[in-house]
Amino acid sequence: MADIWRVPPECWSGLSPQLRRLRRLLLAAVALPLSVFAALAGGGLLGFPGLLVGFVPLAAAALAWRSIGRAWAAWRYAERDDDLLIQHGVLVRRLVVVPYGRMQLVDVTSGPLSRRFGVAQVRLHTAAATTDAVIPGLGPGEAARLRDSLAARGRSRAAGL
């Protein structure tokens, strides 16, 4: 287990910046109308001081904006000889180790909005439901390359089973 934490920094890969951009755009699409509504409702009920209520959603959105950036930066993955490592988490770091021989299915998905922003999600399915792993926000080319690489490595490791 000790060597898992000693993966050289150059072996780790990160997520596409487009994922961060997409999440921040969705945040703004919700926070701005909510702020306007809160300001109008507060102004209607309390007069001019009530307009300040509109700053509450904006302050929350500013915190969420920074949180999105930190969460995006915390995601990374590394392909090793026998397994795939996925690390994420800001407050609590989580490291998922998926042995290639245990993978049953590698799934690449991308919804309409994700396709518009050029991001895809790679999901690894194993026999145990608790060890399924997800890598969100990869570029379509990298997602396809990772899928093919993991499928090939999984086939070669499962051949002896």
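See the structure printed just above.
Source: prediction; values computed, not measured.

Q: It is not clear to me how the sheet that holds strand β2 (residues 83-88) should be interpreted in this structure. Could you clarify?
A: Strand pairing in a sheet relies on backbone hydrogen bonds, with the paired strands running either antiparallel or parallel. Across the sheet, which stays open at both edges, the 3 strands sit in the order β1-β2-β3 with antiparallel pairing between neighbours. Edge positions in the open sheet fall to β1 (76-79) and β3 (94-99), since each of these has one partner strand only. Each neighbouring strand pair of the sheet contributes to a mean axis angle of 15°, computed without reference to strand direction. As paired strands, β2 and β3 are joined by 6 bridges and run antiparallel to one another. Bridge assignment links Asp 83 to a residue of β3, and that residue is Pro 99.

Q: When you look at the pairing of β2 in this model, what are you seeing that I'm missing?
A: Moving residue by residue along a regular strand, the side chains alternate between the two faces of the sheet. For β2, the tally of buried residues reaches 6 of 6 residues, placing the bulk of the element in the interior. What you see with β2 is no split at all: Asp 83, Leu 85 and Gln 87 on one side and Leu 84, Ile 86 and His 88 on the other are buried throughout. Bridge count between β1 and β2: 4 bridges; the pairing is antiparallel. Its bridge partner lying in β2, Ala 78 is registered against Leu 85. Adjacent in sequence and paired antiparallel, β1 and β2 are bridged by 3 residues.

Q: How should I be thinking about helix α2 (residues 55-74) in this particular structure?
A: Since the α-helix turns once every 3.6 residues, residues separated by three or four places project in the same direction. If you check α2, its first and last C-alpha atoms are 29 Å apart, about what 20 residues at 1.5 Å a residue would give, namely 28 Å. Within α2, the full set of buried residues consists of Pro 57, Ala 61, Ile 68, Gly 69, Trp 72 and Ala 74. Each element contacted by the buried residues of α2 is listed here: α1 (17-46), β1 and β2.

Q: For this particular structure, what's the right way to read a nonpolar patch on the surface?
A: Taken together, the side chains of Leu 32, Leu 52, Phe 55 and Leu 58 present a nonpolar region at the surface, about 400 Å² in accessible area. Considering the arrangement of structural elements, one finds Leu 32 in helix α1.

Q: Please explain the nonpolar core as it appears in this structure.
A: The nonpolar side chains of a soluble globular protein tend to be buried with one another. With 24 residues, the main nonpolar core has Leu 84, Ile 86, Leu 124, Ile 135, Leu 138 and Leu 150 as its most contacted residues. For this core, the secondary structure elements donating two or more residues are α1, β2, β3, β4 (103-109), β5 (120-126), β6 (133-138) and α4 (140-158). Grouped together as the second largest cluster of nonpolar side chains are 5 residues, Val 7, Trp 12, Ala 78 and Leu 95 included.

Conventions we followed
Residues numbered from 1 in each chain as written. Predicted model: local features only at pLDDT ≥ 70, side-chain atom pairs only at ≥ 80, totals over all residues. Heavy atoms only, no water. Pairing = 2+ DSSP bridges. Helix = DSSP H or I, 4+ residues; strand = E, 2+ residues; numbered from the N terminus. Axes fitted to C-alpha atoms, helices over the stretch in contact; angles between N-to-C directions. Buried < 20%, exposed > 50% of the residue type's maximum accessible area, 1.4 Å probe, protein only. Expected span 1.5 Å × (residues − 1). Contact = heavy atoms within 4.5 Å. Patch = residues over 30% accessible without salt bridge, like charges linked within 9 Å, V, L, I, M, F, W, Y side chains within 5 Å. Areas by Shrake-Rupley, 256 points an atom, 1.4 Å probe, with all protein chains shown as cover. Salt bridge = Lys/Arg side-chain N within 4 Å of Asp/Glu carboxyl O. Core = buried A, V, L, I, M, F, W, Y, C linked by side-chain atoms within 4.5 Å.

These results come straight from atomic positions and should not be treated as a statement about function.
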